[in-house]
Amino acid sequence: MSMSAASLSVLAFPLACKPLTGEFGGGGQRDNRHHALYSLSSCTTDSLVLHSGRLPLRLRRPRTGEKAVGGAASSRAQTNRAMSPTPAPGAGASEEELSTEVVVVRHGETAWNASKIVQGQLDPELNEAGRQQAVVVASRLSSEARPAAVYSSDLRRASVTAEIIAGACGVSNVVLNEALRERHMGYLQGLTWDDAKALAKSSDSFRGFDIYKMTEGSDPDSRNQEMPGGGESMNQVNERCVSYLNKIAQQHIGERVVVVSHGAAILGLCRHANPLNNFTSKDIPNTSLNVFRISGVTGQWTLERWGDVSHLGGNQF
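Thresholds applied
- Residues numbered from 1 in each chain as written.
- Predicted model: local features only at pLDDT ≥ 70, side-chain atom pairs only at ≥ 80, totals over all residues.
- Heavy atoms only, no water.
- Helix = DSSP H or I, 4+ residues; strand = E, 2+ residues; numbered from the N terminus.
- Buried < 20%, exposed > 50% of the residue type's maximum accessible area, 1.4 Å probe, protein only.
- Contact = heavy atoms within 4.5 Å.
- Areas by Shrake-Rupley, 256 points an atom, 1.4 Å probe, with all protein chains shown as cover.
- Salt bridge = Lys/Arg side-chain N within 4 Å of Asp/Glu carboxyl O.
- Pairing = 2+ DSSP bridges.
- Polar contact = N/O pair within 3.5 Å; in protein donor to acceptor, adjacent residues only side chain to side chain.
- Core = buried A, V, L, I, M, F, W, Y, C linked by side-chain atoms within 4.5 Å.
- Phe/Tyr/Trp six-rings, centres within 6.5 Å; stacked < 30°, edge-to-face > 60°.
- pLDDT = per-residue confidence, 0-100.

A tally of regular secondary structure across the chain gives eight helices and nine strands. By residue count, 49% of the 317 residues in the chain fall in the buried class. If you take every contact in the chain between residues at least 6 apart in sequence, the share linking residues at least 24 apart comes to 71%. Surface summary for the chain: the accessible area is close to 14700 Å², and the carbon and sulfur share equals 49%.

The next subject is the pattern of salt bridges. Scanning the entire structure with this criterion turns up ten salt bridges. Residues Arg-256 and Glu-144 are paired through a salt bridge, measuring 3.0 Å at the closest nitrogen-oxygen approach. In this pair, Arg-256 is assigned in strand 7 (residues 256-261) and Glu-144 in the loop between helix 3 (128-142) and strand 5 (149-152), connecting sequence segments 112 residues apart. Note on Arg-256: relative accessible area 10%, which makes it buried. The salt bridge involving Glu-304 is made with Arg-293; its shortest N-O contact spans 3.1 Å. With Glu-304 in strand 9 (residues 301-308) and Arg-293 in strand 8 (residues 289-295), the pair connects residues that are eleven residues apart, well separated along the chain. Look at Glu-304 and you get partly exposed, because its relative accessible area is 43%. Overall, the relative accessible area of 14% leaves Arg-293 in the buried class.

Bridge count between strand 8 and strand 9: five bridges; the pairing is antiparallel. The residue bridging Leu-289 from the neighbouring strand is Asp-308, located in strand 9. Counted along the chain from strand 8 to the antiparallel partner strand 9, the turn is five residues long, and its residue Gly-299 has a positive phi close to 80°.

A few words now on unusual backbone geometry. The backbone of Lys-116 sits at a positive phi, close to 60°, despite the residue not being glycine. Topologically, Lys-116 is positioned in the loop between helix 2 (111-114) and helix 3. Within the chain, Thr-287 stands out as a residue other than glycine whose phi angle is a positive 60°. Following the sequence through the fold, Thr-287 ends up in the loop between helix 8 (263-273) and strand 8. For Thr-287, a relative accessible area of 0% translates into the label buried.

Residue position: His-184 is located in the loop between strand 6 (173-176) and helix 5 (193-202). Residue His-184 is classed as buried on the basis of its relative accessible area of 4%. Only 3.0 Å separates the side chain of His-184 from the backbone nitrogen of Gly-186, close enough to count as a polar contact.

With that out of the way, let us pick up the nonpolar core. Counting residues in hydrophobic clusters, the biggest one holds 27 residues, and the most contacted among them are Tyr-151, Leu-245 and Phe-292. Sorting the residues of this core by element identifies strand 4 (99-106), strand 5, helix 7 (234-251), strand 7, helix 8, strand 8 and strand 9 as the ones contributing at least two each. Ranked by residue count, the leading element in this core is helix 7, at seven residues. When residues no more than four places from it in sequence are discounted, the contact partners of Tyr-151 are Val-175, Leu-180, Tyr-244, Ile-248, Gln-251, His-252, Val-257, Val-258, Val-259 and Val-260. Core analysis: the next-biggest nonpolar cluster, separate from the first, contains 23 residues, Val-103, Ile-164, Val-171 and Val-291 among them.

We now examine the packing of aromatic side chains. Going through the model one piece at a time under the given rule, you end up with two aromatic pairs. Here the aromatic rings of Tyr-151 and Tyr-244 are separated by 6.2 Å at their centres, their planes lie at 80°, and the arrangement is edge-to-face. Taken together, the residues span a long stretch of sequence, with Tyr-151 in strand 5 and Tyr-244 in helix 7 at a distance of 93 residues. Of the two residues examined, Tyr-151 and Tyr-244, each falls in the buried class. On the basis of an interplanar angle of 70° and a centroid distance of 5.6 Å, the ring pair of Phe-292 and Trp-301 is categorised as edge-to-face. With respect to class, Phe-292 is no different from Trp-301; both count as buried.

Let's shift gears to the confidence of the model for the chain. With 64% of its residues at a pLDDT of at least 70, the chain reaches an overall mean of 76. In the predicted structure, residues 1-89 sits below a pLDDT of 50 and forms 150 contacts with residues beyond four places in sequence or in another chain.

Now the structure itself:
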């Protein structure tokens, strides 16, 4: 399906919403001079409907009790299964039937990506190349197994990419969540990468800046170092992203889902799934596919593919 992300227009709007502020690491404020993005968690109605091409996209928050993980309903179900004389759940099922395939996509390119500016939780939009990338990756995903759901960071560069993917794949609901946001980089946000690196070298307070040098064997103080200015540590980013993907996986056992997120967040997920590969010199390209399989029995993560941009081959952006 061909669509223009720039043509999105609000059709229906929750009655009582407030602008988003950061939930993690004490940051996440954004520049509301250029846009207004609203927190689904603060709305009194359940959904926000956007129009994208021919297919209305409904951005919704999970409703109370909707496939709750670990709630009372889940506990009762587990008790009933334990008392049942029938075979144990999953008996004879394949590993694929007892796991969730999570396809994590990095958002399309922004002007700040092209100019090598630290974005963090600031909110630049996709540039034209980024929109084209999103259309191409959406076309690829639409030719594969249909996802049961599409989830995304609420930052615009991710949510617009997710809307384009959802439209192409025939999925009407895009679930936005702050847990999938990029790492908040504190005072470094808005600086060029060269200036940020120079500042990081000048002060030990920024020793947790270089995400590519921080592996499982790194100094734990670096992984726990929060960025000055309300920023996050890498461990904080990993904890919120891994926790949220585990919840998604439990809700979609035996299914495929697409998740749209950001470079540092995805790099942390890859390291979580495969800590023996330090990924020190690896990049997570825009609109790359990173495929994880999460067991519904053991909770074990397997990294099946990462940094896959074969769909961009032959396309000049």
